[in-house]
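# A structural walkthrough
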Amino acid sequence: MVDWRLRPASTADVEAVAELRAVVLRADLERLGRYDEQRVRQRLRDGFAPVHTWTIEVNGILAGCVALRPAEGDYWLEHFYLAPELQGRGVGSAVLGRLLERCDREGALIRLNVLQGSPARRLYERHRFTVETEDEVDVFMVRDPDPARR
């Protein structure tokens, strides 16, 4: 597996993360007929909260990001993007595992949404996320805390 680390995000990261989001989501958004070159970046800018976000670095270079936003005693996993060349190499699973351990220790439920047809859904299902609801664009998933990890 690739050597990686999490670093707390800062406001200075927003444009690099917005660009990464555009690259990572492009194929899925185009398939769904929803890709807009400006909107895909602006939605990240509008929802970027560095206080709840980490960048994923590989060899000191920004390679992804992830956010874990508190919401009424639970968490929302958001803005989880990983450079395409690193996908499928264990980095995403390792990052997700670290965040889930934290939520399990706290006994917190975690929610997310993933685009319909996205291969990322398989990653979430491997980590015990189940479908809560879905629409024509998004699949909303939830994961109860693992009581064995408390």
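We now turn to the structure provided with this report. (Residues numbered from 1 in each chain as written. Predicted model: local features only at pLDDT ≥ 70, side-chain atom pairs only at ≥ 80, totals over all residues. Heavy atoms only, no water.)

Moving on to helix α1 (residues 14-31). Compared with the 26 Å implied by 1.5 Å per residue over 18 residues, the 26 Å span of α1 between its first and last C-alpha is a close match. The largest bend along α1 measures about 55 degrees and falls at L25. Within the span of α1, buried status applies to V14, V17, A18, L20, R21, A22, V24, L25, D28 and L29. Tucked inside the fold, the buried residues of α1 contact α2 (37-47), β3 (61-71), β4 (74-82) and β5 (110-115). G33 lies just past α1 and shows a positive phi near 70 degrees. (Helix = DSSP H or I, 4+ residues; strand = E, 2+ residues; numbered from the N terminus. Expected span 1.5 Å × (residues − 1). Bend = angle between axes of the 7 residues up to and from the residue. Buried < 20%, exposed > 50% of the residue type's maximum accessible area, 1.4 Å probe, protein only. Contact = heavy atoms within 4.5 Å.)

What follows covers the packing of α1 against α2. In the contact formed by α1 and α2, the axes pass within 8 Å of each other and the chain directions differ by 130 degrees. For the element pair α1 / α2, the angle class is oblique. Crossing of α1 against α2: the hand is right-handed. Taking contact as the criterion, the partners of V14, E15, V17, A18, E19, R21, A22 and L29 in α1 are, on α2, V40, R41, R43, L44 and R45. (Axes fitted to C-alpha atoms, helices over the stretch in contact; angles between N-to-C directions. Parallel < 35°, antiparallel > 145°, perpendicular 65-115°, else oblique. Left-handed = near helix turned anticlockwise from the far one by under 90°.)

A separate point is the side chain of T55. Within the secondary structure, T55 sits in strand β2 (residues 53-58). Filtering out sequence-adjacent residues up to four positions away, T55 remains in contact with R5, L6, R7, A9, D13, L62, G64 and C65.

Once that is clear, we can look at the sheet that holds β3. Hydrogen bonds along the backbone pair up the strands of a sheet, which may run parallel or antiparallel. As summarised here, the arrangement of the 7 strands in space is β1-β2-β3-β4-β5-β7-β6, forming an open sheet in which the pairing is mixed. Because the sheet does not close on itself, it has two edges, and the strands there are β1 (4-8) and β6 (130-134). Direction aside, neighbouring strands of the sheet carry axes that sit 30 degrees apart on average. Where β2 lies against β3, 6 bridges are found, and the strand directions are antiparallel. Following the sheet pairing, T53 is matched in β3 by A67. (Pairing = 2+ DSSP bridges.)

Locating G60 in the fold gives a position in the loop between β2 and β3. Residues G60 and E19, 41 residues apart in the sequence, show an inter-C-alpha distance of 18 Å.

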